[in-house]
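Notes for the structure review
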Amino acid sequence: MIVCLAVVGHQNNPLYIQSFTEADDALKLHHMVHCSLDVIDERVDNPKKSGPTINETFLGLLCPTENYKVYGYLTNTKVKFILVTTDLDVRDADMRTFFRRFHAAYVDAVSNPFHVPGKKITSKTFAERVATIVKSFGLTTTG
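Each residue is numbered by its place in its chain's sequence as written, counting from 1. Per-residue local features of the predicted model are confined to residues with pLDDT of at least 70, and side-chain atom pairs are confined, for both listing and counting, to 80 or more; whole-chain, interface and lining totals are unaffected and use all residues. Note: side-chain values were computed over all heavy atoms of the structure, leaving out hydrogens and water.

Just so we agree on the cut-off: UniProt positions are given in the numbering used here, feature names are shortened, and annotations may be inferred rather than shown by experiment.
For the protein chain, an unreviewed UniProt entry supplies the name Trafficking protein particle complex subunit 2-like protein and the organism Sesamum angolense. For the protein chain, the Sequence similarities (unreviewed entry) comment in UniProt is given as "Belongs to the TRAPP small subunits family. Sedlin subfamily."

Observations regarding unusual backbone geometry
Selection criterion: Per the convention used, a helix needs a DSSP run of H or I reaching at least four residues, while a strand needs a run of E reaching at least two, with both numbered from the N terminus. Partly exposed residues are those whose accessible area sits between 20% and 50% of the maximum for their type, while under 20% is buried and over 50% is exposed, using a 1.4 Å probe and protein chains only.
Even without being glycine, N12 reaches a positive phi, approximately 60°. Along the chain, N12 falls in the loop between β1 (2-8) and β2 (14-19). Overall, N12 belongs to the partly exposed group, its relative accessible area being 30%. You will see that K78, though not glycine, has its phi angle at about 65°, which is positive. Here K78 is to be found in the loop between β4 (69-74) and β5 (80-85). K78 sits in the partly exposed class, given a relative accessible area of 42%.

A word on the confidence of the model for the protein chain
For clarity, the cut-off: Values of pLDDT, the confidence the predictor places in each residue, fall between 0 and 100.
On average, residues of the protein chain score 88 in pLDDT, and 90% of them reach the 70 mark or higher. Here helix α3 (residues 124-142) stands out as the least confident element of the protein chain, with mean pLDDT 84; β5 is the most confident, with 96.

Here's what the structure looks like:
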């Protein structure tokens with residue numbers, strides 16, 4: 001189950017962050033998202049030490065913890081997508097598919113002529129589309 005999803009700008013400014021839990025652990029999830037930014041920067045700056053090549057947008061598993069796994073994705077414009085999940089047995093192929101769908105939703109949101117680049121994404125349509133993608137991800141990985 002996806003518990004948190006974030007979009008972070010190229011200057012590490014949060015553009016969108018959403019928790020999908022009913023529990024009161026949003027602060028802990030936000031902390032995990034911000035900690036994973038260091039891992040992303042390390043992988044981008046030192047591509048030979050980590051697995052994926054620099055042209056690969058899917059960064060893979062960033063930092064596993066006891067209860068969560070954090071995955072990352074980097075767009076061509078250096079915008080970072082970070083996902084925190086409680087599923088401990090997620091396949092990379094499922095994550096890649098999720099991030100491609102999320103990236104398409106992000107592109108649609110920032111292509112809006114009323115969106116100011118570099119500012120937080122406040123579109124209700126984007127939030128609804130993200131919720132739909134998150135729900136469908138939960139259905140495809142458990143079935």
